[in-house]
Amino acid sequence: MRGEWFSQARFGMFIHWGVYSIPARGEWVRYVERIPASEYERLAWKFNPRRYDPEEWVGLAQEAGMKYMVLTTRHHDGYSLFDSQVSDFTAAKTAARRDLVEEYVEACRGKGMRIGFYYSLLDWRYRAYFDGPQKDPEGWAKFREYVHAQVRELCTNYGKIDVLWYDGAWPWTPEDWKSAELNAMVRRFQPDILINNRSGLPEDFGTPEQKIEPSSDVNRWWETCMTMNDNWGYSAADRNWKSVQQLVMNLAQCARDGGNYLLNVGPKPNGTIPLPSVRRLREIGRWMRLNGESIYGSERCQQFSSMVGLTTAKSTTAYHHVFRWPGKEATISGVGNKVLSAQLLATRKKVSVEQEEDRVFFKDLPRKAPDPIDSVIKMELDGKPEVAPSFRHIP
Ligand code: GLC
């Protein structure tokens with residue numbers, strides 16, 4: 001099936017990077033602080049990322065266990081990280097003097113990393129965007145032509161691309177953007193590409209933002225994108241970092257519900273990823289190397305009940321992720337299957353199991369959590385996970 005890799009991958013890296021990293025207050029700075037074009041454009045003449053090394057980015061993503069990356073090729077501010085025939089506000093034509101997207105693509109390809117492009121349809125530099133297609137049909141048509149031309153550049157200048165991640169269609173409709181036509185063109189050049197739902201059309205996958213919300217249709221792909229602190233673009237003063245355990249919990253929760261977790265980093269103006277992000281990604285990687293089996297290729301599954309964690313599954317194997325280690329014994333209930341065997345995933349050490357109807361007891365566990373982040377107990381079941389009803393009187 002087309003794009004099957006996506007539902008195996010489960011974990012990807014989102015990268016928000018552009019000239020807004022210089023003021024370092026997030027990627028909405030131009031809009032929120034109402035910065036005039038002439039003043040904002042000066043940033044492009046300062047943006048010269050001397051320590052930009054996309055191979056390092058890819059290496060870090062791989063170390064964390066991520067299987068794909070999505071880079072903001074152009075955000076709402078209109079600055080293109082790529083060379084473009086239809087814009088002068090680009091990395092290639094200002095201080096950086098290079099096509100930063102090309103280098104990113106080469107780094108990904110060289111290391112077998114799946115390649116994603118984020119692209120914002122809206123561009124704050126255009127009056128026509130704000131006026132819209134009714135008020136200024138001619139201006140809008142020209143603006144839209146520019147957007148389509150850039151998408152075409154992204155789909156023709158860089159070889160095979162795996163994901164096209166639109167954003168910023170609001171407040172206009174897919175008809176206004178001619179999204180159907182645009183996506184047909186994209187697929188002509190990139191027959192295997194996966195397209196998200198933010199051109200206003202459903203396409204291949206949904207994109208809940210900052211929340212884990214499974215698709216209502218169990219067969220529809222979805223991906224939660226989330227920041228590690230409170231900002232997408234680099235924000236120097238934002239210290240509200242999520243804990244490693246929280247990040248792993250989020251990843252496991254997405255995997256449990258059959259979705260992906262696209263975790264964001266906001267590199268600095270010089271091209272380096274902030275240290276708090278690097279540290280977290282390395283820690284996640286340490287956990288993933290031992291427990292990745294419980295994440296990759298997970299299938300959306302019914303949930304056993306637990307006070308200490310959650311369960312991911314693949315076929316007849318279930319993985320109980322324990323975030324709050326209870327001591328020598330752990331319990332799950334509502335288990336409609338027979339549990340045939342259990343072990344600690346990281347060490348393969350056998351765990352003894354007792355079962356009383358739908359209640360399962362893991363016994364003789366170590367007193368202290370084997371992994372302070374998330375200790376995974378792997379179970380073989382007599383079938384796919386089946387849950388016994390919970391709303392009933394227990395005499
Ligand atoms: C929102 C924001 C944008 C960010 C995106 C990521 O749409 O406008 O800044 O890139 O979410 O999902």
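If you're wondering where the values come from, they're calculated on a predicted model, not measured in any experiment.

Draft legend 1. Main features of the site of the ligand. Around the ligand there are 14 residues in total, and H16, E27, H75, H76 and E209 lie nearest to it. One of the side-chain nitrogen or oxygen atoms of H16 is found 2.5 Å away from an oxygen atom of the ligand. A distance of 2.9 Å separates an oxygen atom of the ligand from a polar side-chain atom of H76. Its residues assigned to classes, the shell around the ligand comprises seven nonpolar, three polar and four charged.

Draft legend 2. A look at the sheet that holds strand β3 (residues 114-120). Strands sit in the order β5-β4-β3-β2-β1-β8-β7-β6 across an open sheet of eight strands; the sheet is parallel. Of all the strands in the sheet, just β5 (194-195) and β6 (205-206) have a single pairing partner and so form its edges. As paired elements, β3 and strand β4 (residues 163-167) share five bridges and run parallel to each other. In the sheet register, Y118 faces β4, and the bridge partner there is W165. The strands touched by helix α10 (residues 244-256) are β1 (11-15), β7 (221-226) and β8 (260-265); relative to β8, the strand with the most contacts, the crossing angle is about 150 degrees.

Draft legend 3. Structural detail: the side chain of D123. The residue D123 is located in the loop between β3 and α6 (127-135) in this model. With a relative accessible area of 0%, D123 lands in the buried category. Side chain to side chain, D123 and Y146 meet in a polar contact 2.7 Å long. Excluding its chain neighbours within four sequence positions, the residues that come into contact with D123 are R74, H76, D77, G78, Y129, F143 and Y146.

Draft legend 4. Expanded view of the pairing of β4. With respect to burial, β4 is a largely interior element, five of its five residues being buried. Alternating residues of β4 divide into V163, W165 and D167 and L164 and Y166, and every residue in both groups is buried.

Draft legend 5. A look at helix α11 (residues 275-291). Under the 1.5 Å per step criterion, the end-to-end length of α11 is 24 Å for 17 residues, consistent within 8% with the ideal 24 Å. Three or more residues of α11 are buried, namely S277, V278, R280, L281, I284, G285, W287, M288 and N291.

Draft legend 6. Representation of the pairing of strand β2 (residues 68-74). Burial analysis of β2 places seven of its seven residues in the buried class, the great majority of the element. Two strands pair when backbone bridges link them, and β1 and β2 are joined in this way by four bridges, in the parallel orientation. Paired with F14 across the strands is V70, a residue of β2. Sheet analysis places β2 next to β3, joined by six bridges and oriented parallel. For Y68, the partnering residue across the bridge sits in β3 and is R114. Assessed by its sense of winding, the connection that carries the chain from β2 through helix α5 (residues 100-110) to β3 is right-handed.

Each value, and the rule that gives it
Residues numbered from 1 in each chain as written. Predicted model: local features only at pLDDT ≥ 70, side-chain atom pairs only at ≥ 80, totals over all residues. Heavy atoms only, no water. Near = heavy atom within 4 Å. Polar contact = N/O pair within 3.5 Å; in protein donor to acceptor, adjacent residues only side chain to side chain. Nonpolar A, V, L, I, M, F, W, Y, C, P; charged D, E, K, R; others polar. Pairing = 2+ DSSP bridges. Helix = DSSP H or I, 4+ residues; strand = E, 2+ residues; numbered from the N terminus. Contact = heavy atoms within 4.5 Å. Axes fitted to C-alpha atoms, helices over the stretch in contact; angles between N-to-C directions. Buried < 20%, exposed > 50% of the residue type's maximum accessible area, 1.4 Å probe, protein only. Expected span 1.5 Å × (residues − 1). Right-handed = clockwise from strand over helix to strand, strands pointing away.

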